[in-house]
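Listed below, chain by chain, are the residues.
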Amino acid sequence: MNEGPLVRWDWVWSHLDDIWELTVQHVVLTVIAVSLGLVIAGPLAYYGYRHYAARGPITWVAGVLYTIPSLALFAFLVPFTGLSILTAEIGLVGYTLLILFRNIVAGLDAVPDGVIEAATGMGYTDRRRFWEVELPLAMPVIIAGIRIATVTTVGLVTVTSLISYGGYGKFILQGLNRFFNTQIIIGAVLSVLLATVADVLLIRLERRVTPWAQRRSE
Amino acid sequence: MIELEHVSKTFPGSPSPAVEDLSLSIAEGEITVLVGPSGCGKTTTMKMINRLVEPTSGRITIAGDDVTKLQAFELRRRIGYVIQQIGLFPHKTVGENIATVPKLLGWDQTKIQTRVDELMDVVEIDVSMRDRYPSELSGGQRQRVGVARALAADPPVMLMDEPFGAVDPIVRNNLQDQFLALQQTLRKTIVFVTHDIDEAVRIGDRIAILNVGGVLEQLATPNELLRNPANPFVSDFLGTDRGIKRLSLIPISTVALDPGPIVAGTASASDIAAMMSRYGTDWVGVRTGTRVDGWVGLGDLDAGAVPPDFAARPFATRLRPNSSLKEALDAVVSSHTSVAAVFDEHENYLGMLSADTISSEIVQ
């Protein structure tokens, strides 16, 4: 590694444009990954919630995806999908599925039987009961899952720098190649910061959508 | 009002039926209690009425209409439903919970709001609680919100599955009283499931005693049931204190009161002695005008209390005409005088009851 201060602030000030650009890229990659993860894991979780037997196979597949080393996965995908955002997102989405699937199922499972029975007994149709009773009550656990998936994805996005994406990962990779500490540290610190900010925003969202879970009898 | 005709239910994978060939008539405007040991199919029976459980065979009609005529969800919106753990929606406020069925029925917002306010008043929940969540309420308040929610669309029929099961005995008593007072004005047709025979006797206009496998052992008024159990199962289930339970159903006002050994406050010692020997007691009640504030015993007089200056001892329990004979019996066994003194609401003395009078009411 080269000599000099740990962080060269003059580099930071002269690269604010790059920082902004990679921030946007990092956020976009994360938001797409978690959103697509929800779009895929949601229906799967609903199916698993209704059909107990389906949970094992779905968990198994999602679990296998989860355990593939990210480097290996991207290396494997490149011959098929190239250095594209598709390659990046296939990997990122794949890693969210297990967490999201498990949490959505767990959240729905935790809805008290008495509440479901009361809802049915009062004349809710199955569909309306799901959207108005079961899903809202599962939200705290589901959002907990989204938080874990988001924080994990923010970290994982940096790895996609290997296939020419990567958000802040790009700084880290360049820094490593050029033995330039400032880039490595800025990339890592910003990534952690972004994960923290995302988590805080999601906690706020949770408070917003589950006001009933915040209040308890004094 | 509700007719079950040869209804059976065998759950898939179960070797024996939960309910077998049950026929039962539930009278309009009455509370019919289904009671029995666990496994007697009382909850299953109730759930077949709103089709939470579909019968394997048989027919159920409400006001002559087969329950399978409507879509299950439409049928259920016409039947009030209260369950044991109340099943309030934790994510909805008190107001939103009560508004559930009107909202499902598509009432307009102003009508729903008016109805919610009205019901909160009926079940005595302060309107300030309207925007609270169920987790912020006490157990008793939750139960009352549960009842209000079931009443929201003014259904003629209500199904209640151990609605007061989850609260402590004092609160339960209050809820039962309040519920009975409410029913006096509402006159709903209510099917009420409980495993507690005391609750059944207290709440029910009619009690259906079910045996394991949904066999109807007896359907009768509480009084008839206690007086005349159909078979050993029923009498076992009613317990060894059937007589006491019956006493709890009979108000004092239906019984002729004895004037008792009462003397005027100005009575002489010989008057008092004569009264004691006439009634065979060692005490007399002391009257001032229409009031009897207490009694004096032989011991007090022997100790030198001189008429008319004796200090009367108060009766331990002062009963009202609407108290039950069970309460009267309690007063008898826990007082020195071995009688229950009865007074009207202005504290005027009406008479007294002895253990003999009370027992003759249920022995006759």
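Structure shown above.
Thresholds, definitions, all that
- Residues numbered from 1 in each chain as written.
- Chains lettered and ligands numbered in written order.
- Predicted model: local features only at pLDDT ≥ 70, side-chain atom pairs only at ≥ 80, totals over all residues.
- Axes fitted to C-alpha atoms, helices over the stretch in contact; angles between N-to-C directions.
- Helix = DSSP H or I, 4+ residues; strand = E, 2+ residues; numbered from the N terminus.
- Parallel < 35°, antiparallel > 145°, perpendicular 65-115°, else oblique.
- Left-handed = near helix turned anticlockwise from the far one by under 90°.
- Contact = placed C-beta atoms within 7 Å.
- Nonpolar A, V, L, I, M, F, W, Y, C, P; charged D, E, K, R; others polar.
- Buried ≥ 20, exposed ≤ 12 C-beta atoms within 10 Å, placed from the backbone.
- Pairing = 2+ DSSP bridges.

**Student:** Even after reading the chapter, I still don't get the packing of helix α14 (residues 325-333) of chain B against helix α15 (residues 355-363) of chain B, so can you show me in this structure?
**Tutor:** Angle between the axes and distance between the axes are the two parameters that describe a pair of packed helices. Residue and element names in this part refer to chain B. Packing of α14 against α15 brings their axes to within 10 Å, and their N-to-C directions diverge by 150°. Between α14 and α15, the crossing angle belongs to the class labelled roughly antiparallel. Once α14 is placed against α15, the crossing between them reads as left-handed. Contacts between α14 and α15 pair Leu325, Ala328, Leu329 and Val332 from the former with Ala355, Ile358 and Glu361 from the latter. Looking at side-chain class alone, the contact of α14 with α15 contains six nonpolar, no polar and one charged residues.

**Student:** Looking at this model, I keep getting lost on the interface of chain A and chain B. Mind explaining?
**Tutor:** Where the parts come together, the accessible area they lose is often given as the size of the interface. Chain A puts 17 residues into the contact, and the matching count from chain B is 19 residues. Of all the secondary-structure elements, those providing two or more residues to the side of chain A that touches chain B are α6 (113-121) and α7 (126-157) of chain A. For the side of chain A that touches chain B, the element with the highest residue contribution is α6(A), accounting for six residues. Its residues assigned to classes, the side of chain A that touches chain B comprises eight nonpolar, six polar and three charged.

**Student:** Sorry, what's going on with unusual backbone geometry here?
**Tutor:** Generally, phi is negative for residues other than glycine and the peptide bonds are trans, each holding for most cases. The backbone of A:Phe179 shows a phi angle near 50°, a positive value even though the residue is not glycine. With respect to the helices, strands and loops of the structure, A:Phe179 is situated in the loop between α8 (169-178) and α9 (181-209). For A:Phe179, a count of 10 C-beta atoms within 10 Å translates into the label exposed. At B:Ala63, a residue that is not glycine, the phi angle is positive and equals roughly 50°. As for its placement among the helices and strands, B:Ala63 is situated in the loop between β4 (57-62) and β5 (65-66). Take B:Ala63: there are 11 C-beta atoms within 10 Å of it, and that puts it in the exposed class.

**Student:** What should I look at first to understand the sheet that holds strand β8 (residues 189-194) of chain B in this one?
**Tutor:** Across a sheet, strands are paired by hydrogen bonds formed along the backbone, either parallel or antiparallel in direction. All names here are of chain B. Taking strand neighbours across the sheet as the criterion, the six strands line up as β6-β7-β8-β3-β9-β10 in an open arrangement whose pairing is mixed. Because the sheet does not close on itself, it has two edges, and the strands there are β6 (79-82) and β10 (215-220). Neighbour-to-neighbour, the strand axes of this sheet turn through a mean angle of 15°, independent of strand direction. Strand direction decides the pairing type here: strand β3 (residues 31-35) and strand β9 (residues 206-211), joined by four bridges, are parallel. Residue pairing in the sheet places Val35 in a bridge with Ile209 of β9.

Coordinates in, geometry out; function isn't part of it.
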